[in-house]
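Architecture at a glance
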Amino acid sequence: DQQVKQNSPSLSVQEGRISILNCDYTNSMFDYFLWYKKYPAEGPTFLISISSIKDKNEDGRFTVFLNKSAKHLSLHIVPSQPGDSAVYFCAASDFGNEKLTFGTGTRLTIIP
Amino acid sequence: DVKVTQSSRYLVKRTGEKVFLECVQDMDHENMFWYRQDPGLGLRLIYFSYDVKMKEKGDIPEGYSVSREKKERFSLILESASTNQTSMYLCASSSPRGRVRNEQFFGPGTRLTVL
C-alpha cells in the first residue's frame, strides 16, 4: 500500500515560470516531510523539509506548503531554471522513526 | 563534505550468482539504509541498520540480506541473484543528531543488471 503518492509521473514547465509538484499521503502519523531532488546517475539530495506544526517553509526559490487536513503537500519552484530538471521525490516520517517513506517521484523538465 | 560511496557504479551478474554491494560513509552516522529504485515505484526500502550488527527489514527484504560489522560500512547481499533484482540500488546514511530531522545522505547508486 503506497502511503506516499506522487500522482504526476512527469511535468514540463517553461523556464522562468512556476513549477508545482504535488504529493499526497495517507498515514496520519506522518509529522515531518522532506523533498529530494535526483539527477541521472547521482543519488538523491535533500532540498527542503517541513514539520507538521507549520504550513509553509521557504528556502530561496523553493517553497513547500503543507495542508494537513487534506494530507497534501506541494513544492513550488519560482522561477524555474533549466538546472531544476530532475526527478523530485517527496518523503515522510513519523515521530521517533528514523525511516523515510518515499513517493514514486515526479520527473520535472524545464523547457528553455 | 559528507560522503557516501558505493563500491560499483555498474554491475552485471548472472542468475544464481551471489552478489555483494558495498556502501561506506565517512560521517560517523548511526543509521544506514539500502533502497532500490525502479521506474514508477520510487525508492523502496530493503533493509536498514541503526547500529553496528543491528538490522531491520524494510518493505521489500525478500531475496536480500545485509551485514554491518563496522559503523561506516553496510553491505547488501543478494544470495542468489534473479532477473527481477535488476535495478538501481541506493545506499544512504543518517544520524539522529543531524541538522535536519531524518535527512538521509545518499551514495551515487549501483546499477545492477542480472542476466
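Residues numbered from 1 in each chain as written. Chains lettered and ligands numbered in written order. Predicted model: local features only at pLDDT ≥ 70, side-chain atom pairs only at ≥ 80, totals over all residues. Heavy atoms only, no water.

Now for the overall build of chain A. Scanning chain A for helices and strands turns up zero helices and 11 strands. Reading the helices (α) and strands (β) of chain A from amino to carboxyl end gives β-β-β-β-β-β-β-β-β-β-β. In terms of C-alpha radius of gyration, chain A reaches 13 Å, essentially the compact-globule figure of 13 Å for 112 residues. Out of the 112 residues in chain A, the part that is buried amounts to 44%. In chain A, of all internal contacts separated by at least 6 residues, the share reaching a separation of at least 24 is 55%. As displayed, chain A offers around 5400 Å² of accessible surface, 49% of which is attributable to carbon and sulfur atoms. Taking the average place of the 11 positive charges on the side chains of chain A and the average place of its 11 negative ones, the gap between the two points comes to 3 Å. (Helix = DSSP H or I, 4+ residues; strand = E, 2+ residues; numbered from the N terminus. Rg over C-alpha atoms; globule rule 2.2 N^0.38 Å. Buried < 20%, exposed > 50% of the residue type's maximum accessible area, 1.4 Å probe, protein only. Contact = heavy atoms within 4.5 Å. Areas by Shrake-Rupley, 256 points an atom, 1.4 Å probe, with all protein chains shown as cover. Lys, Arg positive; Asp, Glu negative; His and termini not counted. Charge placed at Lys NZ, Arg CZ, Asp CG, Glu CD.)

This brings us to the nonpolar core. Grouped together as the largest cluster of nonpolar side chains are 23 residues, with contacts concentrated most on Phe33(A), Trp35(A), Leu73(A), Leu75(A) and Tyr88(A). Where this core is concerned, the elements lending two or more residues are strand S3 (19-25), strand S4 (30-38), strand S5 (45-51), strand S7 (62-67), strand S8 (72-77), strand S9 (86-94) and strand S11 (106-111) of chain A. At four residues, the largest contribution of residues to this core is made by S9(A). Not counting residues within four places of it along the chain, the set of residues in contact with Phe33(A) comprises Tyr25(A), Ile48(A), Ser49(A), Ile50(A), Leu66(A), Leu73(A), Ala91(A) and Ala92(A). Val19(B), Cys23(B), Phe74(B) and Cys91(B) belong to the second-largest nonpolar core, a separate cluster that totals 21 residues. (Core = buried A, V, L, I, M, F, W, Y, C linked by side-chain atoms within 4.5 Å.)

Further remarks concern the interface of chain B and chain A. At the interface, 23 residues of chain B touch 22 residues of chain A. Across the chain B/chain A interface, buried area totals approximately 1800 Å², and carbon plus sulfur atoms make up 56% of it. The largest per-residue losses of area from chain B upon contact with chain A belong to Leu43(B), Arg101(B) and Asn102(B), which jointly make up 33% of the total buried on that side. Scanning the region where chain B abuts chain A turns up one salt bridge. Where chain B packs against chain A, one counts eight residue pairs in polar contact (both at pLDDT 80 or more). Elements with a minimum of two residues in the side of chain B that touches chain A: strand S4 (31-38), strand S5 (42-49) and strand S9 (87-94) of chain B. Among the residues making up the side of chain B that touches chain A, the classes are represented as 11 nonpolar, nine polar and three charged. (Buried area = accessible area lost by both parts, 1.4 Å probe. Salt bridge = Lys/Arg side-chain N within 4 Å of Asp/Glu carboxyl O. Polar contact = N/O pair within 3.5 Å; in protein donor to acceptor, adjacent residues only side chain to side chain. Nonpolar A, V, L, I, M, F, W, Y, C, P; charged D, E, K, R; others polar.)

Inspection of the entire model under this criterion finds two disulfides over all chains. Two residues share a disulfide in this structure: Cys23(A) and Cys90(A), whose sulfurs sit 1.9 Å from each other. On the sign convention where negative is left-handed, the bridge of Cys23(A) and Cys90(A), at about 65° about the S-S bond, is right-handed. With Cys23(A) in strand S3 and Cys90(A) in strand S9, this pair connects stretches of sequence that are 67 residues apart. Across this residue pair, the class does not change: Cys23(A) and Cys90(A) are buried. Two residues, Cys23(B) and Cys91(B), share a disulfide whose sulfurs are 1.9 Å apart. Here Cys23(B) and Cys91(B) share a disulfide; its torsion about the S-S bond, -75°, makes the bridge left-handed. Here Cys23(B) is found in strand S3 (residues 19-25), whereas its partner Cys91(B) is found in strand S9, with 68 residues between them in sequence. The residues Cys23(B) and Cys91(B) share a single accessibility class, namely buried. (Disulfide = S-S within 2.5 Å.)

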